[in-house]
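So the chains spell out like this:
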Amino acid sequence: MAVLGVGRMGGAMAGTLRRAGFDIVLWNRDQSKADAVATAIGASVASSAAEAASKADVVLSSLADDVAVKSVYLGTEGVVVGLSPSSIAVETSTIDPITVAAVGEAVESTGASFLDCPVSGSVSSVAAGALTVMAGGEEASLQRVMPILEALSSRVIHVGERGSGAVVKLAVNGLVHGLNVALSEALVLAEKAGVARSTAYEVFASGAGGAPFVQYKRDAYEHPDDAAVAFSLDLVAKDLELITGLGARVGAPLAQAEAGLEIVRSAIAAGMGDRDLSAVAVYLRGGGD
């Protein structure tokens, strides 16, 4: 199989799949990154997305945004050029359903199959095989790639036809990004009113609002100086723009997401775009850690 895109998530997926016994060919726009991952996990590297697709029955992609997905699939040396009619493309990126439709149609015009399978979880979830997969597309195609998805995830949910995965992923990320802003505001409120950060967070984690997000992001919020970048604010802004754009198209009111987007944009304007999403609390605190 081929894995296209070896950033934080794609590289982790390739490693997990290799440990599960799959033969992997990698491709990345920056080939040096593909070479490094290939050396680490024992995979081969293709010179183009088309070449990678031509060598695989399943092509799994994890890319940064809609522009990257369109380029990698539809470019002159893109995935569509290399697919065979028996291939399946599995797109896991967080992208607009409109992009899913365009890419899916191009893939299926070759006789190949297409699934949009975005995931919920972090790099550590990938390593543990504990992602949640939201799969859009035909059931028969999903069953063919189930061993691959099961190696990466603890649950695969077939959410509907092609494009449904992208829709549900945007809804999920809207929830996560809403939690991020709400948690940041609550923490800063308690701190500015005189309660120690760690004490306030202990209460949050122990109470009705102690969702998994609150639990696994605790160190990042309590110790922002040491927070690894699991998901940057630049990517949060990209997500919220997609989410509010979808809301506008379908007539869904998204006042919280719109307000959250303005807060994130302000944090980015303050120079925090490359920081972890938990840096919203740093921004609301006044920029000091």
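Residues numbered from 1 in each chain as written. Predicted model: local features only at pLDDT ≥ 70, side-chain atom pairs only at ≥ 80, totals over all residues. Heavy atoms only, no water.

Novice: Quick rundown of the packing of aromatic side chains? Include the residues and the values.
Specialist: All told, the structure shown has five aromatic pairs when counted by the stated rule. Relative to Y221, the ring of Y201 has its centre 5.9 Å away and its plane inclined at 35 degrees; by these criteria the two rings are tilted. Within this pair, whereas Y201 is found in helix α10 (residues 197-206), its partner Y221 is found in helix α12 (residues 218-222), the two being separated by 20 residues in sequence. With respect to class, Y201 is no different from Y221; both count as buried. (Phe/Tyr/Trp six-rings, centres within 6.5 Å; stacked < 30°, edge-to-face > 60°. Helix = DSSP H or I, 4+ residues; strand = E, 2+ residues; numbered from the N terminus. Buried < 20%, exposed > 50% of the residue type's maximum accessible area, 1.4 Å probe, protein only.)

Novice: Help me get a handle on the packing of helix α9 (residues 164-192) against α10, residues and values and all.
Specialist: The contact between α9 and α10 brings their axes to 9 Å, and the two run at 135 degrees. The orientation of α9 relative to α10 falls into the category oblique. Crossing of α9 against α10: the hand is right-handed. In contact with L183, A186, L187, A190 and E191 of α9, α10 contributes R197, A200, Y201 and F204. Split into classes, the residues belonging to the contact of α9 with α10 amount to seven nonpolar, no polar and two charged. (Axes fitted to C-alpha atoms, helices over the stretch in contact; angles between N-to-C directions. Parallel < 35°, antiparallel > 145°, perpendicular 65-115°, else oblique. Left-handed = near helix turned anticlockwise from the far one by under 90°. Contact = heavy atoms within 4.5 Å. Nonpolar A, V, L, I, M, F, W, Y, C, P; charged D, E, K, R; others polar.)

Novice: I'd like to hear about helix α2 (residues 31-41), residue by residue, with values.
Specialist: Along α2, the positions that sit buried rather than exposed are A34, V37 and A38. Mapping the buried residues of α2 onto a view down its axis gives an arc of 100 degrees, with all of them on the same face. Facing away from the buried side of α2 by over 90 degrees, the exposed positions are T39 and A40. For α2, the elements touching its buried residues are α1 (8-19), β2 (25-27) and β3 (44-45). Within two residues after α2, G42 carries a phi angle of roughly 80 degrees, on the positive side. (Arc of directions from axis to C-beta.)

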